[in-house]
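Okay, here's what each chain looks like letter by letter:
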Amino acid sequence: MNISSSLVKYLALYGLLNGFITVANAATPINLRGHTEDILQSLNKSEALRHTNLKEVKRYEDFNHVLHVRVQQTYADYPVWGADAVIHIPRTEQAHLGSSPVKFDLIKNAKLNGKIYKNIAEDLSRSPTLLYTADQQKKAENQAINLYQKKSGNKTVLVNKKSQKIIYIDKNNKAHWAYLISLVSTKSHSMPAKPIYILDASTFEVYSEWNNIKTLDAVDGAGYGGNKKIGRQVYNGMMHNFPTLSVSRDSALQTCFLQNDRVVVKDIRNDHAIVQYHCEKTDPNHNDAYLNNIDQSTDLLAYSPDNDALYYAGKVDTMYQDWFKMPVLINPNNLPMRIVINTHEDTSNAWWDEDVNEITFGDGDRKYFLPFASQSIISHEISHGFTTQHSNLSPSNLQSAALHEAFSDMAAQAFEYYLTKNNNWKVGSEITMRTDALRYIDNPRHDCIGLPPYIELKGLKIRICSIDHMKDYIEDPNYYIEEHFSCGIFNKAFYLLSTSKGWDVKKAFSVMVQANIAYWTPTSNFADAACGVIEAAHDYGYSQKDVAKAFLAVGINTSKC
Ligand SMILES: [Zn+2]
């Protein structure tokens, strides 16, 4: 008992003492900001800066004629990794400096910034001549090649491009003799890669490694979505879960980005930076995808609106591609346009901005609305983009504005059908907290329950819930029916057509898409637009009678089309 207790004390004392000595003598960073050229003149002279020098790397004279000289610290003539500084010399002091390399003894009135290390000599007692032999270097290079091949899981053919002897200062500010090994893969055999390793010159311990190729790999991401109303969704492609997320990965930074060929998600709160997360390695519990572990449900009551935006926007595009052989958004050259989504706006709304071709989703107030990035709202908003790029229905005209909304609501139904082969005929049901949904396609006037249909404001009668028949569409300057309520007329016709004998949601949406592409014009009203749908049905060889019947049921007579 006594023996072991005194042993513990002894070890503790030894550890403390050892730690104390190490800290007192190990390499110590010097922040050069605020230093004058005096420190440069003590290089190689003071005990703390023994064998230390600064080597000019390059110089640049700016528009104020200030000369900025970049220098790299060396120790015993070997570069010290991460020890770089800049000397700023005013114009008045440059005349006597001469050409490169800069002579420190002649510098006056300079400013400095950057970082160098003192007391390196305390860590590097062993002579480098024993470690920096040709034989040892070859071993280090082979070790780096083996490590990369093992990590990349294939027989990547690598050649050694460059090896450098350096001083590496680790996290505890301890200096080591090290090798910086740069490899390059031969393109014909594998994906291009430029792995770089910093290895201890004696033990070959890896101090740092990265890939110097700045391309992003398309990889599978995993993560969470959904919200407190619909429940949590898991994106990992495993049984009963949602598919994986298509993300991009920078292997050097070990960072994944919520972007792929078709969609990019940007965070308004973070200066519109592409949403990103640390992704060092794949997660075996999530189908070997790179897991984004974020869960924002405490603040936002939604797990990750960003993941939902990336997933559903990509799927909306896939629906248009699968069904209509076209991307949902195109650029002026008729090529696919990437869907740009901005998330986390501090508002209870979502919109398509036709001036910049971008979509924005608010986070909701979490009292009436959850974050808007959800299945039906995403498909609705992106489809506004589709309409803008085809018929370009005018938002300045009440009926064409209502058609704009109706097409997007129909697209949300089509999208639900595409994903699930089912429809609940609701828009926004995922995000409303006080009501069941925003709009009801099968029975638009459902949102009128418990409300007076109109409120009066300064003699103007303003509709505050949906209509679903032309008899309620009052064209009178004393009445105002906003487009999100008057779109109920076309929405109801779409529901009736989708559920007609021999029709389904895909078939009904197909004729709407064809009408939008080929027949509707910016100022189309309900009657014109219905005629366009009849023509679209004809194009497909579908029953025009069924279409006419659906429109007649909401008071639109197409007999004169
Ligand atoms: Zn809308």
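Right above here is the structure, for reference.
Conventions we followed
- Residues numbered from 1 in each chain as written.
- Predicted model: local features only at pLDDT ≥ 70, side-chain atom pairs only at ≥ 80, totals over all residues.
- Heavy atoms only, no water.
- Helix = DSSP H or I, 4+ residues; strand = E, 2+ residues; numbered from the N terminus.
- Expected span 1.5 Å × (residues − 1).
- Buried < 20%, exposed > 50% of the residue type's maximum accessible area, 1.4 Å probe, protein only.
- Disulfide = S-S within 2.5 Å.
- Core = buried A, V, L, I, M, F, W, Y, C linked by side-chain atoms within 4.5 Å.
- Contact = heavy atoms within 4.5 Å.
- Pairing = 2+ DSSP bridges.
- Axes fitted to C-alpha atoms, helices over the stretch in contact; angles between N-to-C directions.
- Parallel < 35°, antiparallel > 145°, perpendicular 65-115°, else oblique.
- Nonpolar A, V, L, I, M, F, W, Y, C, P; charged D, E, K, R; others polar.

K.L.:
Go over helix H6 (residues 375-389), please, and point to the residues and values.
P.N.:
Over its 15 residues, H6 extends 22 Å from the first C-alpha to the last, a length consistent with the 21 Å expected when each residue adds 1.5 Å. In terms of burial, H6 is a largely internal element, 14 of the 15 residues being buried.

K.L.:
Could you give an account of the state of the cysteines, with specific residues and numbers?
P.N.:
Per the counting criterion, the structure on display carries three disulfides. A sulfur-sulfur separation of 2.0 Å characterises the disulfide bridge that pairs Cys-256 with Cys-279. Judged by the torsion about the S-S bond (95 degrees), the Cys-256/Cys-279 disulfide is right-handed. Residue Cys-256 is found in strand S13 (residues 255-257), and its partner Cys-279 is found in the loop between strand S16 (276-278) and strand S17 (290-291); the two are separated by 23 residues along the sequence. Of the two residues, Cys-256 and Cys-279, neither departs from the other in class, the shared state being buried. The disulfide partner of Cys-448 is Cys-465, and the gap between their sulfur atoms is 2.0 Å. Judged by the sign of its S-S torsion, about 100 degrees, the bond between Cys-448 and Cys-465 is right-handed.

K.L.:
Could you give an account of the nonpolar core, with specific residues and numbers?
P.N.:
Counting residues in hydrophobic clusters, the biggest one holds 85 residues, and the most contacted among them are Tyr-320, Phe-490 and Phe-509. Here Tyr-320 is in contact with Lys-325, Met-326, Pro-327, Val-328, Ser-383, Phe-386, Phe-407, Ala-411 and Phe-509, once residues within four sequence places are set aside. Tyr-132, Tyr-148, Tyr-197 and Phe-204 belong to the second-largest nonpolar core, a separate cluster that totals 26 residues.

K.L.:
Kindly report on the sheet that holds strand S24 (residues 460-463), identifying the contributing residues and their values.
P.N.:
Spatially, the three strands line up as an open sheet ordered S23-S24-S25, and their pairing is mixed. Strands at the two margins of the open sheet, each flanked by one partner only, are strand S23 (454-457) and strand S25 (479-480). Here two bridges tie S24 to S25, and the two strands are oriented parallel to one another. Considered in S25, the bridge of Lys-461 is made with Tyr-479.

K.L.:
Explain the packing of helix H5 (residues 305-324) against helix H7 (residues 398-420) to me, and be specific about the residues and the numbers.
P.N.:
For any two helices packed against each other, one specifies the inter-axial angle together with the distance between the axes. Running from N to C, H5 and H7 cross one another at 90 degrees; their axes reach a closest spacing of 10 Å. In terms of orientation, H5 and H7 fall into the roughly perpendicular class. Two secondary-structure elements touch here, H5 through Tyr-311, Tyr-312, Lys-315, Val-316, Thr-318, Met-319, Tyr-320, Asp-322 and Trp-323 and H7 through Phe-407, Ala-411, Ala-414, Phe-415, Tyr-417, Tyr-418 and Leu-419. Partitioned by chemical class, the residues of the contact of H5 with H7 number 13 nonpolar, one polar and two charged.

K.L.:
An account of the sheet that holds strand S18 (residues 339-345) is needed here, citing residue identities and associated values.
P.N.:
Overall, mixed pairing links the five strands, which are arranged S15-S14-S18-S20-S19 in an open sheet. Every interior strand has two partners, whereas the edge strands, strand S15 (273-274) and strand S19 (350-353), have only one. Bridge count between strand S14 (residues 263-267) and S18: five bridges; the pairing is parallel. Paired with Lys-266 across the bridge in S18 is Asn-342.

K.L.:
Hey, could you go over the environment of Ile-341 for me, with residue numbers and the actual values?
P.N.:
You can see Ile-341 is positioned in strand S18. The class of Ile-341 is buried, set by a relative accessible area of 0%. Along the sequence, Ile-341 and Glu-37 sit 304 residues apart, while their C-alpha atoms lie 51 Å from each other. Ignoring any residue separated from it by four or fewer positions in sequence, one finds Ile-341 in contact with Val-263, Val-264, Val-265, Lys-266, Ala-309, Ala-313, Ile-359 and Phe-361.

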